[in-house]
Amino acid sequence: MLRRAGLSLCHFSLGRKSSTARSSHSSQAKMSKPVQAQRLEGIDKNIWVEFVQLAATYSKVNLGQGFPDFPPPDFLKDAFVRAVSGQSQALHQYTRAFGHPPLVKVLAQFFGKLLGRDLDPMTNVMVTVGAYQALFCCFQAFVEEGDEVIIIEPFFDCYEPMVRMAGGTPVFVPLRLKAPEAGRLMSSADWGLDPAELASKFSERTKAIVLNSPNNPLGKVFGRRELEAVARLCVRHGALCFSDEVYEWLVYDGRQHLRVASLPGMWERTVTIGSSGKTFNVTGWKVGWAVGPDRLLRHLRTVHQNSVYHCATAAQEAVAQGFQRELELYGKPESYFMQLPRELQQKRDYLVQSLAAVGMKPIVPEGTYFLVADISEFKSDVPEDPSSDEPYDSRFAKWMVKNKGLAAIPLSTFFCNAHKSSHSHFLRFCFAKEEGTLKAANDILQAWRREKSSP
Ligand SMILES: Cc1ncc(COP(=O)(O)O)c(C=O)c1O
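Calculation criteria
- Residue positions are given per chain, counted from 1 along the sequence in the order it is written.
- Residues qualify for local features only when their pLDDT is at least 70, as the model is predicted, and side-chain atom pairs are given and counted only at 80 or more; totals for whole chains, interfaces and linings, by contrast, use all residues.
- For every element, the axis is a line fit to its C-alpha atoms; helices are fit only across the contacting stretch, and the angle between N-to-C directions ranges from 0 to 180 degrees.
- Secondary structure elements follow DSSP: runs of H or I of four or more residues count as helices, runs of E of two or more count as strands, with numbering from the N terminus.
- We call two directions roughly parallel when the angle between them is under 35 degrees, roughly antiparallel when it is over 145, roughly perpendicular when it lies between 65 and 115, and oblique otherwise.
- What counts as a contact is two residues whose backbone-derived C-beta atoms lie within 7 Å of each other.
- Ten residues, namely Ala, Val, Leu, Ile, Met, Phe, Trp, Tyr, Cys and Pro, are considered nonpolar, four, namely Asp, Glu, Lys and Arg, are considered charged, and the remaining ones, Gly among them, are considered polar.
- Per the annotation, domain bounds derive from an automatic or database assignment of domains.
- Near, for a residue, is defined by distance from a backbone-placed C-beta atom to a molecule or strand, with 6 Å as the limit that must not be exceeded.
- Note: crossing handedness is left-handed where the near helix turns anticlockwise from the far helix by less than a right angle, and right-handed where it turns clockwise.
- By our criterion, buried Ala, Val, Leu, Ile, Met, Phe, Trp, Tyr and Cys residues that link up through C-beta atoms within 7 Å make up a nonpolar core.
- The exposure label follows from counting other C-beta atoms within 10 Å of a residue's C-beta, where the C-beta atoms are placed from the backbone and the thresholds are 20 or more for buried and 12 or fewer for exposed, leaving partly exposed in between.
- The span you would expect from a helix comes to 1.5 Å times its residue count less one.
- Two strands are counted as paired when DSSP detects at least two bridges linking them.
- Seen with the strands pointing away from the viewer, any crossover whose path from the first strand over the helix to the second strand runs clockwise is right-handed.

A. Inspection of the packing of helix H12 (residues 336-358) against helix H14 (residues 435-453) at higher detail. It is at 9 Å that the axes of H12 and H14 come closest, and there the two elements cross at 10°. Considering their axes alone, H12 and H14 lie roughly parallel with respect to each other. On H14, the residues that touch Lys347, Tyr350, Leu351, Ser354, Leu355, Ala357 and Val358 of H12 are Leu438, Ala441, Asn442, Leu445, Gln446, Trp448 and Arg449. Looking at the contact of H12 with H14 residue by residue, the class counts come to nine nonpolar, three polar and two charged.

Written out as structure tokens, the structure reads:
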């Protein structure tokens, strides 16, 4: 018995030894395997992480990330408070996965009116976790290995990694700057697509084009001719269009935002994306939406259902009430969608003056709440460094936040790696800020100018 026990003990310990050796060997083998999925390779660095941190550490005035520092409208806040503190327990629970019924209904009415077609709230509208998730659903639902997706540069930076994560290949086409007449400020309208260059990017591999009008970062609002050129190419090549219109209400100087889905042949192939974050100044609520034909939206629903399932019920309820109000006031001066651009245009003009006065040449945006300015005349503050791989504007923005306390985002962030260095003399500023914040930015800029001009 003992002998057997001893034997078996010995056997056991021998066995343990060899199994330990084996497991350490196999765990070494496991360690040498990459942990992350291959599709994440090359997209793991994100400029926002670095610049948000820099702004938090050093900035006195943060005109970097795109969010307002003033409150959302009272009618929306009140609607949210009612949603969470009212009698209805249902608003604390799951709602319909593809959109809270009151919200999809009012979005269908609202966008139906704008697009001039009857929309079915259940099949033509889907509510998402911000516009980000609507974009993600589009790439996941439609893009396959080998597909090409055309992206217009400069672009909202998540488009490229989202295409790559879906296995697609981004194909970039730049907005080209036509030099403005002497003596006039640059405008975002000076940046345009070259029609021949755009056409050359389409092929049988093209699955989709991403359109973003008004465009972040330049503030360009695409005109009818440009959108018609895009539409003709989409129809000719059977390509889809993901139209990111999150800044649809933020257009200035009497310009009109044109919806590409309203052009001939485009409804069937377009997913239009919007955001309450930008529409009502509640970026933290993360309520976005996608509008389009059922033949496309049914695939977005599959991705959505199997990833996030749905977006917070109370926030959806409040956004529904906000849209109900806007539907009733549509086109009237009391409408928030009319008031907000008026307020922002004044803020834009103030920042244009501040930047122009110090020699940072502003590109006056036709839309959005961003303003891009040329920093070429500031090389005496931050000399070029040929030994550095980092784009000049990125080095400049870091220097500026650390030494002047003013945060902005380098424009090269919005270009693919191959084109970053050719657009590295610009910064993007966000002007959706309180008067006091813009005044504080102006004080920094004026003090800087005085310092530069003193002998
Ligand atoms: C062009 C563009 N699209 C989409 C988004 C994301 O919007 P949301 O905050 O609703 O996810 C942003 C946010 O800055 C944006 O600028």
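Let's pick the thread back up.
B. Structural detail: the domain arrangement of the protein chain. According to the domain assignment, the protein chain contains domain 1 (47-66 + 335-453) and domain 2 (74-328). Taken together, the contacts link 30 residues of domain 1 with 29 residues of domain 2. Contributions of two or more residues to the side of domain 1 that touches domain 2 are made by H12, strand S12 (361-364) and strand S13 (370-374). By residue number, the principal contributor to the side of domain 1 that touches domain 2 is H12, which donates eight residues. Taken together, the residues of the side of domain 1 that touches domain 2 sort by class into 18 nonpolar, eight polar and four charged.

C. Structural context of the environment of Ser376. Note that Ser376 resides in the loop between S13 and helix H13 (392-404). In sequence terms Ser376 and His425 are 49 residues apart; their C-alpha atoms lie 5.7 Å from each other.

D. Local environment of the site of the ligand. Within the structure, the ligand sits among 13 residues, and Gly130, Ala131, Tyr132, Phe156 and Ser275 are positioned closest to it. Across the shell around the ligand, the residue classes break down as four nonpolar, eight polar and one charged.

E. Region of interest: the packing of helix H3 (residues 74-85) against helix H11 (residues 313-328). In contact at an axis separation of 8 Å, H3 and H11 are set at 140° when each is read in the N-to-C sense. The orientation of H3 relative to H11 falls into the category oblique. Where H3 crosses over H11, the handedness of that crossing is right-handed. Taken together, the residues of H11 that come into contact with H3 (itself represented by Phe75, Leu76, Ala79, Phe80, Ala83 and Val84) are Ala314, Ala315, Glu317, Ala318, Gln321, Gly322 and Arg325. Split into classes, the residues belonging to the contact of H3 with H11 amount to nine nonpolar, two polar and two charged.

F. Inspection of the nonpolar core at higher detail. Core analysis: the biggest nonpolar cluster contains 121 residues, and Leu107, Cys138, Ala208, Ala290, Ala373 and Phe429 have the highest contact counts within it. Considering each element in turn, this core owes the most residues, nine residues, to helix H5 (residues 130-142). Inspection of this core shows a minimum of three residues originating in each of domain 1 (47-66 + 335-453) and domain 2 (74-328). Once residues within four sequence positions are removed from consideration, Leu107 is found in contact with Val125, Trp289, Val291 and Phe323.

G. Representation of H11 within the structure. Here H11 contains 16 residues, and its C-alpha end-to-end distance of 23 Å stays within 8% of the 22 Å for a straight helix at 1.5 Å per residue. Counting buried positions along H11 yields 12 of 16 residues, so the element is predominantly enclosed. Considered for burial, the residues of H11 that qualify are Thr313, Ala314, Ala315, Gln316, Glu317, Ala318, Val319, Ala320, Gln321, Gly322, Phe323 and Glu326. The inward-facing, buried residues of H11 contact H3, helix H4 (101-115), strand S2 (125-129), helix H9 (276-279), strand S11 (287-291) and H12.

H. Layout of the pairing of strand S3 (residues 148-153). When you tally the buried positions in S3, you get five out of six residues, the bulk of the element. As defined by bridge partners, S3 adjoins strand S4 (residues 169-174) across six bridges and the pair is classed as parallel. By the bridge assignment, Ile151 is partnered in S4 with Phe172. Crossover handedness for the path S3 to helix H6 (residues 159-165) to S4: right-handed. Pairing between S3 and strand S8 (residues 206-212): four bridges, direction parallel. Note that in S8 the partner of Ile151 across the bridge is Val210.

I. Seen up close, the sheet that holds S8. Within the open sheet, the seven strands sit side by side as S2-S11-S10-S9-S8-S3-S4. Their pairing is mixed. Looking at the sheet topology across the chains shown, the edges are occupied by S2 and S4. In this sheet, adjacent strand axes meet at a mean angle of 25° when their direction is disregarded. The sheet contact formed by strand S10 (residues 270-275) and S11 spans four bridges and is antiparallel. Following the sheet pairing, Ser275 is matched in S11 by Gly288. With respect to the sheet, H4 is in contact with S2 and S11, its orientation differing from that of S2 by roughly 120°.

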